[in-house]
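Observations on the model geometry
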Amino acid sequence: MNEIKSISHYSDKTARLVISNGLIAAKAQPGQFVIIKFSEQGQRIPFAIIRADAANDEIDVIIHRGDGLDEILNKLKESDVLPDLLGPLGMPAVVESDKTVIFCGDGAGFVPLLPLMDAYREKGCRIYALMSELSSKLQCLLGDINHNCDGMTVIDEASLPGTMRQWIEQYDPDKIILSGPTMMMKELAGIAKEKGVSADCVLNMLMIDGIGICGVCRVMVGGRQQQTCVDGPVFNAWEVDFDYILNRQRSFI
Amino acid sequence: MKEELQEIFTRGRDEEWRVDLRQSVKPTVRTSIPRVRMPELPPDFRITNSREVCEGLSVEQAVLEATRCLDCVNPGCVKGCPVHNDIPGFIKNIERRDFREASRVLRRTTVLPAVCGRVCPQEKQCEAGCTYLKMGKSAVSIGALERFTADLNRTIDRMVHDSMADDEAVHPLYPIKVAVVGSGPSGLAFAGDMARRGYKVTVFEALSQFGGVLKYGIPEFCLPSKIVDREINRLRDMGVNFIKDCLIGRTLSYGDLEKLGYKGIYIATGAGKPRYMDIPGENLPGVMTANEYLMRLNLLEPSVFGANGVALTGKRVAVIGGGNTAIDAARCAVRTGAEETYIVYRRSMDEMPARREEIRHAREEGIRFMTLHNPVRYLPDSKGFLHAMRLEKMELGEPDESGRRSPVPIPGEFVEVPVDIVVVSIGYYPNPPISIPDMEIGKGGKVEVDSETLRSTKAAVYAGGDIVRGPATVILAMGDGRKAADSMAKAFENAFSRISLDY
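Treat the numbers as computed from the prediction; the structure is a model and nothing was measured. Within each chain, residue numbers correspond to sequence positions counted from 1 in written order. To read the labels, note that chains go from A and ligands from 1, taken in the order they are written. For a predicted model such as this one, the threshold for reporting local features is a pLDDT of at least 70, and the threshold for listing and counting side-chain atom pairs is 80 or more; totals across whole chains, interfaces and linings nevertheless cover every residue.

What counts as a helix is a DSSP run of H or I of at least four residues, what counts as a strand is a run of E of at least two, and both are numbered from the N terminus. Scanning chain B for helices and strands turns up 20 helices and 15 strands. For a compact globule of 503 residues, the expected C-alpha radius of gyration is about 23 Å, and chain B comes in at 24 Å, within 12% of that figure. Expressed along its principal axes, the backbone C-alpha trace of chain B runs to roughly 80 × 65 × 45 Å. Each residue is classified by how many other C-beta atoms fall within 10 Å of its C-beta atom, where C-beta atoms are placed from the backbone; a count of 20 or more means buried, 12 or fewer means exposed, and values in between mean partly exposed. Split into buried and exposed, the 503 residues of chain B put 49% on the buried side. Contact criterion: two residues are in contact if their C-beta atoms, reconstructed from the backbone, are within 7 Å. For chain B, the proportion of contacts with a sequence separation of at least 24, taken over those separated by at least 6, is 70%. Here the radius of gyration uses the C-alpha set of atoms, whereas the globule reference equals 2.2 Å times the residue count to the power 0.38.

Along its length, chain A carries nine helices and 15 strands. Across its three principal axes, chain A shows a C-alpha extent of roughly 50 × 35 × 30 Å. Long-range contacts, defined here as pairs at least 24 residues apart, represent 68% of the contacts in chain A between residues at least 6 apart.

Assignment of secondary structure puts Lys13(A) in the loop between strand S1 (4-9) and strand S2 (14-20). Note: C-alpha distance between Lys13(A) and His64(A) (51 residues apart in sequence) is 5.8 Å.

This next bit is on the domain arrangement of chain A. Many authors give the size of an interface as the accessible area that is lost as the parts come together. All names here are of chain A. For the domain bounds, the source is a domain assignment made automatically or taken from a database. On domain assignment, one finds that chain A holds domain 1 (4-89) and domain 2 (100-249). Taking only C-alpha atoms into account, the centre of domain 1 sits 21 Å from that of domain 2. Taken together, the contacts link 19 residues of domain 1 with 17 residues of domain 2. Contributing elements (two or more residues each) for the side of domain 1 that touches domain 2: S2, strand S3 (33-37), strand S4 (45-48), strand S6 (58-64) and strand S7 (84-89). Put simply, Ala, Val, Leu, Ile, Met, Phe, Trp, Tyr, Cys and Pro go in the nonpolar bin, Asp, Glu, Lys and Arg in the charged bin, and everything else, Gly too, in the polar bin. Taken together, the residues that form the side of domain 1 that touches domain 2 break down as 11 nonpolar, four polar and four charged.

Right, let's talk about the sheet that holds S6(A) for a bit. Residue and element names in this part refer to chain A. Strand pairing follows a simple DSSP-based rule, namely that at least 2 bridges must link the two strands. Strand order in the open sheet formed by four strands is S1-S2-S6-S5, with antiparallel pairing between adjacent strands. Edge strands, defined here as strands with exactly one partner in the open sheet, are S1 and strand S5 (51-53). Neighbouring strand axes in the sheet, compared pairwise and without regard to direction, differ in orientation by 20° on average. The sheet contact formed by S5 and S6 spans three bridges and is antiparallel. Directly across from Ala52, in S6, lies its bridge partner Ile59. Lines fitted to C-alpha atoms define the axes, with helix axes restricted to the stretch in contact, and inter-axis angles between N-to-C directions lie between 0 and 180 degrees.

What follows is about the pairing of strand S1 (residues 177-181) of chain B. All names here are of chain B. The buried fraction of S1 is high, at four of five residues. Here S1 runs beside strand S2 (residues 200-204); their pairing, made up of five bridges, is parallel. Counterpart to Ala179 in the pairing with S2 is Thr202. At this point the chain moves from S1, through helix H12 (residues 185-196), to the parallel S2, and the crossover so formed is right-handed. In terms of strand pairing, S1 meets strand S4 (residues 262-267) through five bridges, oriented parallel. Bridging from a neighbouring strand, Val181 pairs with Ile267 of S4. By convention, a crossover is right-handed whenever its connection, traced from the first strand over the helix to the second and viewed with the strands pointing away, goes clockwise.

So, on to the confidence of the model for chain B. All names here are of chain B. This prediction gives chain B a mean pLDDT of 88; 91% of its residues lie at or above 70. Across residues 302-309, where pLDDT falls below 50, the model places 17 contacts with residues more than four positions away in sequence or in other chains. Two summary scores accompany this predicted model of the complex, namely pTM at 0.88 and ipTM at 0.88. pLDDT gives the predictor's per-residue confidence on a scale running from 0 to 100.

A few words on the pairing of S3(A). Within a regular strand, side chains alternate between the sheet's two faces. Residue and element names in this part refer to chain A. Most of S3 is tucked away: four of the five residues are buried. Where S3 and S4 come together, four bridges link them in antiparallel fashion. Bridge pairing in S4 links Phe33 to Ala48. Pairing of S3 with S7 involves four bridges; the strand directions are antiparallel. Following the sheet pairing, Ile35 is matched in S7 by Leu86.

Attention shifts here to the environment of Pro121(B). Position of Pro121(B) relative to the elements: it lies in the loop between helix H9 (113-119) and helix H10 (131-134). In contact with Pro121(B), other than residues within four places in its own chain, are Arg355(B) and Thr473(B).

It is worth spelling out the sheet that holds strand S12 (residues 405-418) of chain B at this point. Residues and elements named next belong to chain B. Taken in spatial order, the three strands of this open sheet run S10-S11-S12, and their pairing is antiparallel. If you trace the sheet from one side to the other, it starts and ends with strand S10 (373-380) and S12, each paired once. Taking each pair of neighbouring strands and ignoring which way they run, the sheet shows an average axis angle of 20°. The pairing of strand S11 (residues 386-399) with S12 spans nine bridges and is antiparallel. Each bridged residue has a counterpart across the sheet, and for Glu392 the counterpart in S12 is Phe414.

Attention shifts here to the domain arrangement of chain B. Split by domain assignment, chain B resolves into domain 1 (3-39 + 46-166), domain 2 (170-272 + 429-497) and domain 3 (276-426). For domain 1 of chain B and domain 2 of chain B, the distance between their C-alpha centroids amounts to 28 Å.

Residues and elements named next belong to chain B. Closest axis-to-axis distance for the helix H5 (residues 59-68)/helix H7 (residues 87-95) pair is 8 Å, and the angle between their directions is 130°. Classified by the interaxial angle, the pair formed by H5 and H7 is oblique. The hand of the H5/H7 crossing is left-handed. In contact with Ala62, Val63, Ala66 and Thr67 of H5, H7 contributes Ile91, Ile94 and Glu95. Looking at the contact of H5 with H7 residue by residue, the class counts come to five nonpolar, one polar and one charged. Relative orientations are named as follows: roughly parallel for angles under 35 degrees, roughly antiparallel for angles over 145 degrees, roughly perpendicular for angles from 65 to 115 degrees, and oblique for any other angle. Handedness of a crossing is defined here by the sense of rotation of the near helix relative to the far one, left-handed for an anticlockwise turn of less than a right angle and right-handed for a clockwise turn.

The next point concerns the interface of chain A and chain B. Contact residues are listed per partner, giving 24 residues for chain A and 26 residues for chain B. Of all the secondary-structure elements, those providing two or more residues to the side of chain A that touches chain B are helix H1 (22-27), S7 and helix H9 (242-249) of chain A. The greatest single-element share of the side of chain A that touches chain B, amounting to six residues, is contributed by S7(A). In the side of chain A that touches chain B, the residues fall into 12 nonpolar, six polar and six charged.

The next subject is the packing of helix H6 (residues 160-171) of chain A against helix H7 (residues 182-195) of chain A. All names here are of chain A. Between H6 and H7, whose axes approach to 10 Å, the crossing angle comes to 25°. On the basis of their axis angle, the class for H6 and H7 is roughly parallel. Taken as a pair, H6 and H7 cross one another with a handedness that is right-handed. Here H6 contributes Leu160, Pro161, Met164, Arg165 and Ile168 to the contact with H7, which in turn contributes Met184, Glu187, Leu188, Ile191 and Lys195.

Shown next as structure tokens:
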């Protein structure tokens, strides 16, 4: 258990790990995540479960450099056994069927959208992907996203809001799903709300335990305090207080 | 106290050696001995590291302290102990230097003596019932003696490699599997008792280390993690199986446990969900929960401060609350380099729920107590970081339902104190067990159980410790574990007795 079955280095920034863990593979649902410790004394880091394959007892996660993970990524090799892997954590996302959905991600933020795209796809939804140039540099994602989409566009970060407005007119979506930097989600959630399009966001918060004890990932949603690890990570983007998150995120340096 | 227990104690007291021992030293001589002083690291040294502050008694200190005990006919200490340890029984064995037997006596009623000797609030429990108090003298240092017994025997065990002493040998009687959810004190106590009875016990823990609050809550300098590890290894020796990184309700469901053949489940998931005061500024960067703070320090490498990226060199830290967790957090702050550390508490010193010893240690380490103050708002600087706390001055009013005089704000009296970090430690809610069907969850997320048997509204599922009580103490949680083991075992045995092979 917890053995790394394979590592695909998509780029010098990003790698996909296939990890053996039958228990998590059997239980994982789209939107859920795992907490990994790469070394006995390492940090506990949350990762979205990108794929869960119960038949082969394996799950995939995508790790992205720049979160202090450089060193870990350099050392990691196949057949290594992770000391700790806990999951699946969080609430499964509610996936609707037969809808038109725009997925919008910025940077590594697109990663947690992949399993949701798969899930919506399976339910017969029409899927459009809008991503920033930063995301597109993660070559791995492009392939995964492309094969799942009815349409895909890559633009620079600054143009995301403008294009989103345009797409809302063009595709008349039932839902928008956002993931990326808090500022970007705040802006796009605002547009969705203004246009009356229901929107979800996948929050990427720091966590320690992942089971609702430390309070690090607390957020305000619809005026109520929620914990991303237990009540999320997918929340109604209309209701999330992004300013609150922006302010809290500054404490972690 | 149970009658059978009372009987064992009385029989023990009437044994010949014990009668002789009682008569060998006159009571006036016994009472003339002053209470032992626990050797402690000096404050200015201990704040530079995470070494255990109390160093433990030497053999001669322990024997002398044991001599103080008058071996009362009707011992008040036993009544004050939530698990009714045979306190005179183990202490008299120390006096006659049979330390092995002292340990055996303790282990009849407790599985974690090394832990309880360190973290129990003895002054409110066993020591509060000591006859010496009636004479206006200091109580026998029961906690120190309990710790001494556990520590010494652990050392002996290591030396002679017989960690499985005779009395610990397990006779597998029933090939029945029981599951324990949570590896804190309550789960460990339950596991130990069930293993001793011959059941096959598996403990499931969500985090990466076993021990629950003993590991991530109580700091290294109060309870070294190696002590907890040894207690856990002792349980392993008894055949208890431990599984980490397994969140019951997510990784495995309660239904899975049933399918895997577990015939009984003990839920001991604790109370670690932090409470907030819901005052303005509580979510500013710089304000954190005690759990966040202590876990950052304890969860990864408990013997090294700062390994998890928290360094407070030169900072001002205020901890809100007056419980043991608050004092622990403040003492951690001192050790991680805080320049000034405050405890902000809304009542007075007398009402403070923390152990007296902890309060004394905190004072010695330079922590300042701002009692009768209550935060009303945290203020940001121009960049949005925590900058100061606004405290309201309080006075004591009428006693509330807890029996303590309640704090009442003095109108218009506020003070502003500049501060860099605030640690909120004002209590916890139970960690709700995730997705267990047909179980009644009561007020504030507590699991509803029958108070006699600790059985929940779901058959074969028992619960105890903080998940039932709300935040309480290690010893009460342990007591629940033993109680639940007792009633679960009786339920099984009752079922067996009805099996007939007469067909």
